[in-house]
Amino acid sequence: MKKLLLFLVGVFTLTSSVFAQKPAQIRGTVWDNNNQALPFSNVFLLAAADSSMVKAALADEQGNFVFDDLAYGEYRVSASMVGYGKTVTPKIVLSEGNPVVKLEKLVLTAATNVLKDVTVTAKKPLLEQHADKLVMNVESSIVSAGSTAMELLQRAPGVSIDQNDNISLKGKQGVQIYIDGKPTYMTQEQLANLLKNMASDQIEKIEIITNPSARYDAAGNSGIINLVIKKNRNFGTNGSLTVGGGLSLPPAYAEGIEGNMPKYNVSLNLNNRQGKFNTFGNVSYRAGQNYGINKFYRTLDDRTFDQSTLRYTESNGLSARVGSDFFATKKTTFGVLLNANIGKWQSSEPSENSTVIRDHEEVSSSLFTYSSPRMAWSNITFNTNFRHAFNDKGQEITADVDYSVYDNKNRERGMITEFFDRNGLPSGDKLTVTSDIPNKFNIIAAKTDYTLPLPGSDAKIEAGLKSSFVKSDNDIKFYNDGAIDMGRSNHFIYTENINAAYMNYGRKLNDKWNLQAGVRMEHTVSKGESLTLKEQKDRKYLNVFPSLYVTHVINKNNTLNFNYSRRIDRPDYKSLNPFIFFLDPYTYELGNEYLRPQLTDAVEISHTLKQAIVTSIGYSYTNGYFSQIVKNARNEPEILEKLIRYNPNTEIDPVNVSFATLENIGTRQTINAGVSFPVKVSKWWNMNNNLSAFYAIYKGELMGDVLNVANLGYNFYTSQNFVVAKGWNAEASMWYNSPVIEGMFSGREIYAINAGISKSLWKNKGSLRLNVNDIFATARWKGQTDFGGVKMNISNVWDSRGVRATLVYRFGNQNVKGARSRQTATSAEQKRVGGEGN
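*Asks:* Tell me about the overall build of the protein chain, residues and numbers included.
*Replies:* Each helix and strand counted, the protein chain has 6 helices and 49 strands in total. When burial is assessed residue by residue, the protein chain has 52% of its 838 residues classed as buried. Counted over contacts in the protein chain with a minimum sequence separation of 6, partners at least 24 positions apart contribute 68%. A total of about 36,600 Å² of accessible surface is found on the protein chain, and carbon and sulfur atoms cover 57% of it.

Rendered as C-alpha cells:
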C-alpha cells in the first residue's frame, strides 16, 4: 500500500517535458459566401468527442488562422462572426502519420439569409450509447415531465425496481446511485425517499454505467447510475421556471381507495455569469398525496395469516442547489457547492392493517392495527472543489472536499392494535406502540485526481487518492403503552473509514485499437457498536479492484468494446444493526452484524453499428451474495426466546412471528445480453428501443436447505416520438419487466404504458406538457416464496397511474454560450464519472 501511494505521489509531480512529439498543427482560412476573406473571425478548436473547447483563436486580416503545438487526437474546428451563421468542420484526426492538417475554406453565410430560410432546433435523442455507458436524455422526454427521479429510473433501459424500492440493473441488485458524479451515502430507505421527492425537472440525463473503471469507487456490484443535474453555462443572467400539478387515477382493483390525491411541483433555476464568476442556483418544492395497499398471506403448518394494509400518505420536500465557480485564470478554477434536501412524509390519516388468523381454514382470531408513522429528513452537503490545467494538452489536477450531514427522524406516533376472538368480539387489552428512531450520518470525503498525457505517444496516465469517514448514530427507542421496550430499543453506532488509491493507463495503440487498464485499492476499517448490548464488531480488510477496457474499430461502421472490472457491495448501516425492528405485531425486521460484503467480477463485450445500434453480452460472478430472506421465529431458538421474553401482549403468540433479514446465502452467476437501437420511421416519427435479457443462477445454503435455482428474465423499453405539427410534439412509451427470481422470492411481470403531448410557447421560450403515466394501471407487484418452511404470497399496489400538466418558461440570455464551459468545477465532476466524450 505504501509503495503504491509513493508511486502515485511521484506521478503527480511529473511534467509534460519528459518526452517530445512531432509538432501537430491545424490551419485554414475563413471566407464568406461571396468568396471574400473574413478578417478577425472567431475560430474555436473543439474536442470531437464532446465539442468542448480546446483552444480559441482570432483570424488575421486575411482570414487566416492556425492552431499550433497540438496533441494527437480527434478535433473539429468551429468558426463564427457577428452577422454570420456558424460553421463546424467534420472530424479531424491528428496522428504521428498525419501531424499537420490544412483545411479547405471555412465558409460563413450571412445571418440575414439564414434567418429568412431556416429555423434550426437542436434536440438530443432520448437514448445515446457511448463506449462506457448508456445515456438517457431526460430533457428529451415529454412523459417524464412532472415525474420523480424514482419514476424516471423505472423507465430507464435495463433498470427495474421491486416492491421494496430495491434498484436492479440487468437483473442484479447492488446499484450505486450517484448525483453529479458523487456517491450518495444513504441507506436504502433514505435513498428511496430522496428519489421519490426529487422532481424530474431537476435532472438533465441519466448515465447507466455497467462496468465502471478504476477511477470510480468500487462499491456497487451491478454498476453505477449517475443522475446529472441541469446546469446552465450561458453568459449574463438566465433561468427557467417550472410549475406543475397532477392527480392520481386509482384503478378499480385498488380496494378502499377514494379520491384523486393531488400533487404539485414548482422549481426555479437561475444562473448568472459575469467576468470570472459563474453563480448558479436551483430550488424545487414538491408536495402531494399518495396511497398504497400491501397484502401478505402466510402459511404456518395448518395456520394461515391473511394480512392487508391500506395507507394514505402525504409528503412534501424542498431541495436546493446553490454554487459558484471562480475562474481565477484561464487554467485554474475554484468552486463551492451547497446541496440541501429537506422534507417529511407521514400518514395523512391512520393506516389500517387487518390480520385474520385461520386454523384449518376456520377463523380462530383476528387483530386490527391503526398506525401513524412520520418521517422527516434534513440532508445537507457542502462541497469545495478545485481544477488546474497545466497546459492545453490535457494535463490537469482536480480536488474535492465534501462534508455531509444526513439527519433523519422516524416516529410512530401511535400504533394501536385491537384483538378479537373467533366471533369478532374484543379479546384482551389493546396494545399501543410508539417509537422514536433518529438516524444521523456525518460524512467527510476528500479526493484528488491527476491526468498526465504522455508526450510522444497517444497515451495518458490517470491516478487519484480518496479518503472517506462515515459515522452513523442510530438510537432506536420503542415504547409499549408508554413504558420503554428494552427488547427492541437499541443505541447503535457504526463508523467506517475507506482509503483508496487508483491508477489508469490509457493508450491509442493505432487507428484501430484503444486500451485502458487500471487498478484500484481500497482499505476499509469499520466498527459496529451496540451501546445497549455492550457488543462491538470490528472489521479490517483490503481489496484490489482491477479493470480493463479494449476498443477495436473494425471500420467506420463497426466498433467492438471489451471491458472487465471487479466490484464490491457493502451492507448498509441499518442492516448491520443486530436489533429487532417492529413493523406490526406479527412482522419484524432483524439486522445482521455478521453480514459480509459481496464481491463481483464482471466482463462484457459490446458491438456498435453505425454509432446507433448497440448489442452486448456479459457475464458476472458474485461471491458472498446477500439477499433479503424471511424466517419463521419458531425455527430460530435465539430469536424466539427473545420474543417470548419481551412479548408486549399475551394476545400475541411469538411462535407465529415472521421476520425479514439479510444473509450471505452463497453465489450468484448472471449471463446478460442486450440490444439498443433507434429507428427513424419517417420525418415525423422516431423510435428508441432497448431490450435486455439475463439468466441468473443462485447457489448456496439457506435455512438448512440447499439453494440451487435459476431464472431467465428480461426487460425492454420503447419510446415513440412524433412531430404532430409546428410546435406540437407527442410521445408514447412502454417499459416491461418479466417475472424474476431474487434469492428466495419469485415475482410476476410488471409493466406500464405512458403517453404525453407538448406545445412550444412564446417563441420557444416556454412549453406546456400534458402526460398520463401507467395508462392501464398495470404497474403492480406480486410475488411468492415457498422455501425453508416459509410459504408466503405478497402483493403491492401503489400510486402509479396519474395525469400531470407541466408549464416551463425560460428567461434571460439563452443563446450566448460561455467560452470556458469545460473549465467549470461541475464539468470536471461530470468528466470524472464518464461524462460525454470520455
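*Asks:* Which residues make up the packing of aromatic side chains, and what values do they have?
*Replies:* For any two aromatic rings, the description comes down to two numbers: the centre-to-centre distance and the angle of the planes. One pass over the structure, following the stated rule, counts 16 aromatic pairs. Seen from their ring centres, Y406 and F441 are 6.5 Å apart, and the 65 degrees between their planes marks the pair as edge-to-face. Of this pair, Y406 sits in strand β27 (residues 396-421) while F441 sits in strand β28 (residues 431-454), and the two are 35 residues apart along the sequence. Of the residues examined, Y406 reaches a relative accessible area of 6% and is grouped as buried.

*Asks:* Break down the pairing of strand β22 (residues 303-327) for me, citing the residues and quoting the values.
*Replies:* Pairing between strand β21 (residues 277-300) and β22: 24 bridges, direction antiparallel. Pairing of T279 across the sheet is with S324, part of β22. Once β21 ends, the chain turns through 2 residues before running back antiparallel as β22, passing D301 with a positive phi of about 60 degrees. Inspection of the sheet shows β22 paired to strand β24 (residues 351-359) by 8 bridges, in the antiparallel sense. Looking at β24, one finds that T309 is bridged to N353. Two successive antiparallel strands, β22 and strand β23 (residues 332-347), enclose a turn made up of 4 residues.

*Asks:* Can you tell me about the pattern of salt bridges, naming the residues and giving the values?
*Replies:* Applying the stated rule across the entire model yields 25 salt bridges. For R303, the salt bridge goes to D359, with nearest N and O atoms at 2.6 Å. Taken together, the residues R303 in strand β22 and D359 in strand β24 connect sequence positions 56 residues apart. Assessed through its relative accessible area of 21%, D359 is described here as partly exposed. Close ionic contact of R748 with E749 constitutes a salt bridge, the shortest N to O distance being 3.9 Å. For R748, a relative accessible area of 23% puts it in the partly exposed group. On the accessibility criterion, E749 (27% relative accessible area) is partly exposed. Salt bridges here are not isolated pairs; linked through shared partners, they connect R215, K447, D449, K460 and E462.

*Asks:* Can you lay out the pairing of strand β46 (residues 766-773) for me, pointing to particular residues and giving the numbers?
*Replies:* Across 7 bridges, strand β45 (residues 750-761) lies against β46 in antiparallel orientation. Residue L761 lies in a different strand from β46, and its bridge partner there is G766. In textbook terms, the turn of a hairpin is the stretch between consecutive antiparallel strands, and for β45 and β46 this stretch comprises 4 residues, one of which, W762, has a positive phi near 50 degrees. Alignment of β46 against strand β49 (residues 802-812), held across 8 bridges, turns out to be antiparallel. Pairing of V772 across the sheet is with V803, part of β49.

*Asks:* Report on the nonpolar core, specifying residues and quantitative values.
*Replies:* Judged by nonpolar contacts, the single largest core of 29 residues is most densely connected at L153, I167, I203, I206, I225 and L227. The dominant element in this core, judged by the number of residues it contributes, is helix α3 (residues 149-155), at 4 residues. L367, V433, I580 and F581 belong to the second-largest nonpolar core, a separate cluster that totals 23 residues.

Rules used throughout
Residues numbered from 1 in each chain as written. Predicted model: local features only at pLDDT ≥ 70, side-chain atom pairs only at ≥ 80, totals over all residues. Heavy atoms only, no water. Helix = DSSP H or I, 4+ residues; strand = E, 2+ residues; numbered from the N terminus. Buried < 20%, exposed > 50% of the residue type's maximum accessible area, 1.4 Å probe, protein only. Contact = heavy atoms within 4.5 Å. Areas by Shrake-Rupley, 256 points an atom, 1.4 Å probe, with all protein chains shown as cover. Phe/Tyr/Trp six-rings, centres within 6.5 Å; stacked < 30°, edge-to-face > 60°. Pairing = 2+ DSSP bridges. Salt bridge = Lys/Arg side-chain N within 4 Å of Asp/Glu carboxyl O. Core = buried A, V, L, I, M, F, W, Y, C linked by side-chain atoms within 4.5 Å.

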